[in-house]
Amino acid sequence: MGTWDIGPFDNDTAADFAGDLDEAALEEREAMIRGVLKRAARPADFLGIYDGERAVGAAALVVAQHSDCDRPCSNYGPSEPLPELPADLRMLAVESLDQVVSNRSELAELWAEAANGPKWRQDITRLRDVLDPPVPPQEEVLFETSPRPELARALGSRLKNG
């Protein structure tokens, strides 16, 4: 695995994908990103390492355009501007990242054996959470889940009387 760090473009495959994006015409770049995400998101018996590495890079590009966070790409990401990426790529990127960390992913398998594998997984989770933020737990009760005693008695008597 030609990897030198845990960042989305810190491996040979994703860095090459960034180079391919830079060399492509501006109007072709969205389709390239979409294609990478679709390939990784589709259900498969096994997601190969190269498809996984490209998918992480593509998802990071979607995050960079659809969030207020710092740009998640390294110096090895694309240097040419990208077109405005449509919002529908967010969920496709989420599906791709879910496949990347699944038990059917060669990339996840290799990172599980690495010393900084947990940090890599945290970074993938962070990307995913920007795209599809987790719902925070409710601190106050919006609806009471048990009926009030007088309602429970009335309902009970109606059920008995048919």
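Residues numbered from 1 in each chain as written. Predicted model: local features only at pLDDT ≥ 70, side-chain atom pairs only at ≥ 80, totals over all residues. Heavy atoms only, no water.

Caption draft 1: Geometry of the overall build of the chain. The helix and strand inventory of the chain stands at 7 helices and 0 strands. Mapped in sequence order, the helices and strands of the chain form the string α-α-α-α-α-α-α. Residues counted as buried form 37% of the 162 residues belonging to the chain. For the chain, restricting intrachain contacts to residue pairs at least 6 apart in sequence, the fraction spanning at least 24 positions comes to 66%. (Helix = DSSP H or I, 4+ residues; strand = E, 2+ residues; numbered from the N terminus. Buried < 20%, exposed > 50% of the residue type's maximum accessible area, 1.4 Å probe, protein only. Contact = heavy atoms within 4.5 Å.)

Caption draft 2: Representation of the packing of helix α3 (residues 49–65) against helix α6 (residues 117–131) in the model. Running from N to C, α3 and α6 cross one another at 40 degrees; their axes reach a closest spacing of 10 Å. The angle between the axes of α3 and α6 places the two elements in the oblique class. Note that α3 runs across α6; the crossing there is left-handed. When α3 is examined against α6, the residues Val56, Ala60, Val62 and Val63 are found in contact with a partner set consisting of Ile124, Leu127, Val130 and Leu131. Here the residues of the contact of α3 with α6 sort into 8 nonpolar, no polar and no charged. (Axes fitted to C-alpha atoms, helices over the stretch in contact; angles between N-to-C directions. Parallel < 35°, antiparallel > 145°, perpendicular 65-115°, else oblique. Left-handed = near helix turned anticlockwise from the far one by under 90°. Nonpolar A, V, L, I, M, F, W, Y, C, P; charged D, E, K, R; others polar.)

Caption draft 3: Looking closely at the pattern of salt bridges. A complete count under the given rule lists 8 salt bridges for this structure. Note that Asp51 is salt-bridged to Arg54, the shortest N-O span being 3.1 Å. Pair noted here: Asp51 and Arg54 are both in helix α3, with a separation of 3 residues, about one helical turn. (Salt bridge = Lys/Arg side-chain N within 4 Å of Asp/Glu carboxyl O.)

Caption draft 4: Representation of helix α4 (residues 89–100) in the model. Between the first and last C-alpha of α4 there are 16 Å, a value that for 12 residues agrees with the 16 Å anticipated at 1.5 Å per step. Within α4, 9 of the 12 residues are buried, which leaves the element mostly enclosed by the surrounding structure. (Expected span 1.5 Å × (residues − 1).)

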